[in-house]
Structures are given as structure tokens and as C-alpha cells.
Amino acid sequence: MTQAQRDKLSIIQHYLYYNPTVLYAPNGTAADKIIEKANTTIAFVDLISNYATVWLNISRRMHAYLHEEKTARNLQLVKKENMEFRHSRENSSW
């Protein structure tokens, strides 16, 4: 997220939580564009929040999996095979 997006988000957050007011404007005015943009921004923030929640859950599961004993052994075997492969390629003539 860019600094400009963070700044806009902090303004929206301030108005949502610290100064909640309902503004009125008749339909068909420039206020409709502002409301549409605000709704788009809020939907974007909601989407990012959902992705962050999903990623957090996945990263917890990945962390647990990577710390299982059998996973550690498998990773060691993969590292060993990788080292042996690199060593054999260095020693090969072609």
C-alpha cells in the first residue's frame, strides 16, 4: 500500500470511528461521485482485510507444517540432494 493510500485510509478511518456523521445530498449531484468513490475505497479495504485474514490462516498452517519433525527431515533431505546435485554438476565435464 502506498503512502498516499495509507493517508486516505487514515482519513476514512477517522471519520468512520471518531466523527460518524450522516451527510445528506439529493440524488444526481456531485455528491454521488464522492459517495461512489468512498464505497469503492471501503470495498477495497474490505477485500484487503479478507485477503489478510486468509493469508494469516494459511501462514499459521504453513508454520505448523514446517515445524513438524517429518517436514524438517524432508527439508534436510531436499537440501542434501540439492547440494549433491550442484556438486555433481560442478564436477561434470559438460
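Computed from a prediction, not measured in an experiment: that's the story for all the values here. (Residues numbered from 1 in each chain as written. Predicted model: local features only at pLDDT ≥ 70, side-chain atom pairs only at ≥ 80, totals over all residues. Heavy atoms only, no water.)

A.B. asks: Got a minute to help me understand the overall build of the protein in this structure?
C.D. replies: Of the regular secondary structure elements, the protein holds three helices and zero strands. Along the chain direction, N to C, the helices and strands of the protein fall in the order α-α-α. Computed over the C-alpha atoms, the radius of gyration of the protein is 26 Å, more than 25% above the 12 Å expected from 2.2 N^0.38 for a compact globule of 94 residues. Seen through its principal axes, the protein has C-alpha atoms that stretch 80 × 35 × 20 Å. As presented, the protein carries roughly 9100 Å² of accessible surface, and 60% of it is formed by carbon and sulfur atoms. (Helix = DSSP H or I, 4+ residues; strand = E, 2+ residues; numbered from the N terminus. Rg over C-alpha atoms; globule rule 2.2 N^0.38 Å. Areas by Shrake-Rupley, 256 points an atom, 1.4 Å probe, with all protein chains shown as cover.)

A.B. asks: Any chance you could explain the confidence of the model for the protein here in plain terms?
C.D. replies: Low pLDDT marks stretches whose predicted atomic positions should not be read closely. Mean pLDDT over the protein stands at 81; residues scoring 70 or higher make up 90%. Mean pLDDT per element in the protein: helix H1 (residues 3–17) is the minimum at 81, and helix H2 (residues 30–66) is the maximum at 85. (pLDDT = per-residue confidence, 0-100.)

A.B. asks: Whenever I open this one, a nonpolar patch on the surface confuses me. Can you help?
C.D. replies: A cluster of nonpolar side chains, contributed by Trp55, Met62, Tyr65, Leu66 and Leu75, occupies part of the molecular surface with about 520 Å² of accessible area. Per-element tally for the nonpolar patch: the top contributor is H2, with four residues. As for its position among the elements, Leu66 is in helix H2. (Patch = residues over 30% accessible without salt bridge, like charges linked within 9 Å, V, L, I, M, F, W, Y side chains within 5 Å. Salt bridge = Lys/Arg side-chain N within 4 Å of Asp/Glu carboxyl O.)

A.B. asks: So what exactly am I meant to see when it comes to the pattern of salt bridges here?
C.D. replies: Any two side chains of opposite charge can pair if their charged atoms end up close together. One pass over the structure, following the stated rule, counts one salt bridge. The partner of Glu69 in a salt bridge is Arg73, with the nearest N and O atoms 3.3 Å apart. In this pair, Glu69 and Arg73 are both assigned in helix H3 (residues 69–91), four residues apart and thus about one turn of the helix distant. Using a relative accessible area of 48% as the deciding quantity, one classes Arg73 as partly exposed. (Buried < 20%, exposed > 50% of the residue type's maximum accessible area, 1.4 Å probe, protein only.)

A.B. asks: Explanation requested: the layout of surface pockets in the structure shown.
C.D. replies: Unoccupied space between atoms shows up once a probe the size of one water molecule is rolled over them. In this model, the second largest pocket occupies a volume close to 160 Å³. Lining the second largest pocket are Leu9, Ile12, Gln13, Leu16, Tyr17, Thr41, Ile42 and Val45. For the lining of the second largest pocket, the secondary structure elements donating two or more residues are H1 and H2. Of all the elements, H1 adds the most residues to the lining of the second largest pocket, at five residues. The residue inventory of the lining of the second largest pocket, partitioned by class, reads six nonpolar, two polar and no charged. (1 Å grid on protein atoms, 1.4 Å probe; cavity = no way out; pocket = protein on both sides within 12 Å on 5 of 7 lines; lining within 4 Å. Points joined across faces, edges and corners; volume = space filled by probe spheres on them. Nonpolar A, V, L, I, M, F, W, Y, C, P; charged D, E, K, R; others polar.)

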